[in-house]
2 protein chains.
Amino acid sequence: MKQYHLGIEATLEIIGGKWKALIICLLISGAKRTSELQRHIHGISQKVLIQQLRELEEDGLVRRHVYQQMPPKVEYSLTEYGVTANKIVDVMCTWGKENIKRRQCQGEDIVLLEDESMGDFE
Amino acid sequence: MKQYHLGIEATLEIIGGKWKALIICLLISGAKRTSELQRHIHGISQKVLIQQLRELEEDGLVRRHVYQQMPPKVEYSLTEYGVTANKIVDVMCTWGKENIKRRQCQGEDIVLLEDESMGDFE
DNA sequence: CTGTATCCTCAACGATACTG
DNA sequence: CAGTATCGTTGAGGATACAG
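Here is what the cut-offs are and how they apply
- Residues numbered from 1 in each chain as written.
- Chains lettered and ligands numbered in written order.
- Predicted model: local features only at pLDDT ≥ 70, side-chain atom pairs only at ≥ 80, totals over all residues.
- Heavy atoms only, no water.
- Near = heavy atom within 4 Å.
- Polar contact = N/O pair within 3.5 Å; in protein donor to acceptor, adjacent residues only side chain to side chain.
- Nonpolar A, V, L, I, M, F, W, Y, C, P; charged D, E, K, R; others polar.
- Pairing = 2+ DSSP bridges.
- Helix = DSSP H or I, 4+ residues; strand = E, 2+ residues; numbered from the N terminus.
- Contact = heavy atoms within 4.5 Å.
- Axes fitted to C-alpha atoms, helices over the stretch in contact; angles between N-to-C directions.

- The name given to chain A in an unreviewed UniProt entry is MarR family transcriptional regulator, with Paenibacillus graminis as the source organism.

Describing the protein's contact with DNA strand C
Part 1: Around DNA strand C lies a shell of 18 residues, among which A:Gln46, A:Arg64, B:Ser45, B:Lys47 and B:Pro72 are the nearest.
Part 2: Per the 4 Å cut-off to the protein, sugar and phosphate atoms form 55% of the nearby atoms of DNA strand C.
Part 3: Between DNA strand C and the protein, one listed contact pairs a phosphate oxygen with a side-chain N or O atom of A:Arg54 at 3.2 Å.
Part 4: Within the side chain of A:Arg64, a nitrogen or oxygen atom sits 2.3 Å from a phosphate oxygen of DNA strand C.
Part 5: For the surface near DNA strand C, a count of residues per class yields six nonpolar, seven polar and five charged.

Looking at the sheet that holds strand S3 (residues 62–67) of chain B
Residues and elements named next belong to chain B.
Part 1: One open sheet accounts for three strands, arranged S2-S4-S3; its pairing is antiparallel. Looking at the sheet topology across the chains shown, the edges are occupied by strand S2 (32–33) and S3.
Part 2: Relative to strand S4 (residues 73–78), S2 runs antiparallel, the two being bridged by two bridges. Across the sheet, the residue bridging to Lys32 is Tyr76, located in S4.
Part 3: Relative to the sheet, helix H2 (residues 20–28) contacts S2, S3 and S4, its axis offset from that of S4 by approximately 100°.

As structure tokens, then:
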């Protein structure tokens, strides 16, 4: 019998990885292909990306859709349950933006480049 | 110049570690001693706990207060800024609880033992 | 393009002992 | 009790090559 002591423990197990919240964040704006995701997640390798997607799939947050065609095309999207994680990701985005502003005011040399090219292209 | 593409990236850098959100969660209910924290965070070693606390301190979320006495006593608490992270931790707790319920309904053998002994003692 | 399989590296973590 | 130092382990993640 697995035991938790706080709700947050379960949350961290599922989206506590280094990249998962970010992946969900990107998928909120719509289904994305593997390569698309990788392009938007700076520093992640293909191997790890796919691995994280698999785990999110197992936990019921992400759905994988294969188009039978050549060349291959695969899209990942959020399940209805995955969409509920929106709540978390959303506050994380907001808080993060404020954090960046705060640090800029303190003189840190950082910048937030809002990615334009995300909504709908392909 | 450090570049971010989404607000959430900054958030993950700061509280994306394995334990940090949990630590903040525990500190919301009030200042805690090192040993107290360790007791509530199952599976963390003292070394890592202190390390994470130091990082949270550097990022301005946590304050360290040393009582000059023997035996030594140190308490950690949230700064005003740390308290703002409440928003994130709070949804994570809520979502986690719902996640546990959901999985219980699906037949998983898990349980959430709400820690009684947390608010005020000592 | 998507995904698997290897190999390899490095940093995070655990355990322990020790200091104040 | 709080914290540091050291050593050893392990596993996550990177790089690359290759298959469908």
